[in-house]
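# Residue-level structure breakdown
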Amino acid sequence: MLIHLSHIQRLYRSDEVETTALQDIDLQIQLGEFVAIMGPSGCGKSTLLNILGTIDRPSAGSYRFADQELTAMNEAELARFRRENLGYVFQSFNLIDELTVEDNIDLALVYRGMPKAERRRRVTEAMDRVGIAHRARHYPSQLSGGQQQRAAIARAIVGEPSLILADEPTGNLDTENGAQVMEMLQGLNDEGATIIMVTHSPSHADLARRRIDMLDGQVIVSVRNAI
Ligand code: ADP
Ligand code: MG
């Protein structure tokens, strides 16, 4: 088992109100799975993905990743865990505007302290992989949405993460670019990457191997797709 969540809760407290973003999530995900998470706005999808990505901490519960208890780790340990294991893709791409495409992708490896020659080889490979090499020296503002998401996917995969987390990766893309992003994710999954993707698109969810439906901070259905 790659991921084992038990009794995960996430509460947001302010002076006046308490919001239960996640109620009591039990979820297991195996190595090599491709899971789509669906559900209405506000049901807790991003909160769950952020907890899986250790960007956010649960208020209660256990998160085991390949036999490590992540809720017991401190921030430095989690930062290292993220660098070594995770790749993120967001709806709004989240590239750094002041850096070129290749420097955006390279930054993911700089953080790992990798030698420059090795970084260059990997960045080139990742750019080729997603078809963005011809825009290596461009800045994000000079690219279309589809190209920016390709660059963001290259950044997510350049460190060869075991888990890719994608929050509505096709949400800002037209049909054709959305389909291409889905093809890339499927290709990465075929090669062994575990992928967890939030989506509002039923047809994109059908391309995953499993679909999880959420409502009011809970997982209500988990079904295996026939693919
Ligand atoms: P989704 O991604 O499914 O649209 P979210 O995970 O973003 O839903 O949000 C789940 C619930 O938690 C919502 O009710 C939202 O308002 C609340 N929430 C999310 N982030 C915060 C926050 N930083 N502070 C307070 N409430 C939040
Ligand atoms: Mg969301």
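Residues numbered from 1 in each chain as written. Chains lettered and ligands numbered in written order. Predicted model: local features only at pLDDT ≥ 70, side-chain atom pairs only at ≥ 80, totals over all residues. Heavy atoms only, no water.

## A few points about the overall build of the protein
For the protein, the helix and strand inventory stands at seven helices and 10 strands. A compact globule built from 227 residues should have a C-alpha radius of gyration of about 17 Å, and the protein, at 17 Å, falls within 12% of that. Counting only C-alpha atoms and orienting by the principal axes, one finds that the protein spans roughly 45 × 40 × 40 Å. Contacts in the protein between residues far apart in sequence, at least 24 positions, make up 68% of those at least 6 positions apart. When the accessible area of the protein is evaluated, it comes to approximately 11000 Å², of which 46% is carbon and sulfur surface. With 23 positive and 31 negative side-chain charges, the protein shows a spacing of 6 Å between the two charge centroids. (Helix = DSSP H or I, 4+ residues; strand = E, 2+ residues; numbered from the N terminus. Rg over C-alpha atoms; globule rule 2.2 N^0.38 Å. Contact = heavy atoms within 4.5 Å. Areas by Shrake-Rupley, 256 points an atom, 1.4 Å probe, with all protein chains shown as cover. Lys, Arg positive; Asp, Glu negative; His and termini not counted. Charge placed at Lys NZ, Arg CZ, Asp CG, Glu CD.)

## A short note on the site of ligand 1
Residues in close proximity to ligand 1 include Y12, T19, A21, P40, S41, G42, C43, G44, K45, S46 and T47, which together make up its full environment. Measuring from a nitrogen atom of ligand 1, one finds a side-chain N or O atom of Y12 at 3.4 Å. Take G44: an N or O atom from its main chain is 3.1 Å from an oxygen atom of ligand 1. Computed on the free molecule, ligand 1 has an accessible area of 560 Å², of which 58% lies beneath the protein chains in the complex. Elements with a minimum of two residues in the shell around ligand 1: β2 (18–29) and α1 (45–52). Sort the elements by how many residues they give to the shell around ligand 1 and α1 lands first, with three residues. (Near = heavy atom within 4 Å. Polar contact = N/O pair within 3.5 Å; in protein donor to acceptor, adjacent residues only side chain to side chain.)

## Re the sheet that holds strand β1 (residues 3–13)
As a general point, the strands of a sheet are linked pairwise by backbone hydrogen bonds and lie either parallel or antiparallel. Spatial strand order, β2-β1-β4-β5: four strands in an open sheet with antiparallel pairing. Edge positions in the open sheet fall to β2 and β5 (68–69), since each of these has one partner strand only. As defined by bridge partners, β1 adjoins strand β4 (residues 60–65) across five bridges and the pair is classed as antiparallel. Directly across from I3, in β4, lies its bridge partner F65. Across the sheet, α1 is in contact with β1, β2 and β4; its angle to β1 comes to roughly 120°. (Pairing = 2+ DSSP bridges. Axes fitted to C-alpha atoms, helices over the stretch in contact; angles between N-to-C directions.)

## Observations concerning the sheet that holds strand β10 (residues 218–224)
Ordered by their spatial adjacency, six strands build an open sheet running β6-β7-β8-β3-β9-β10, and the pairing between neighbours is mixed. At either margin of the open sheet sits one strand with a lone partner, and together these are β6 (86–90) and β10. Put simply, the sheet's adjacent strands are angled 15° from each other on average, direction ignored. The sheet strands contacting helix α5 (residues 145–157) are β6 and β7 (163–167), and the helix crosses β6 at an angle near 165°.

## Describing the packing of aromatic side chains
Counted according to the given criterion, the structure contains two aromatic pairs. Note on Y88 and F90: the rings are 6.1 Å apart at their centroids and 5° apart in plane angle, and the pair reads as stacked. For F90, a relative accessible area of 25% gives the class partly exposed. (Phe/Tyr/Trp six-rings, centres within 6.5 Å; stacked < 30°, edge-to-face > 60°. Buried < 20%, exposed > 50% of the residue type's maximum accessible area, 1.4 Å probe, protein only.)

## Let's talk about the side chain of N104
Looking at the element boundaries, N104 is found in helix α3 (residues 101–110). By relative accessible area, which is 3% here, N104 ends up buried. Beyond its immediate stretch of four places on either side in the chain, N104 contacts L95, I96, L99, P140 and R155.

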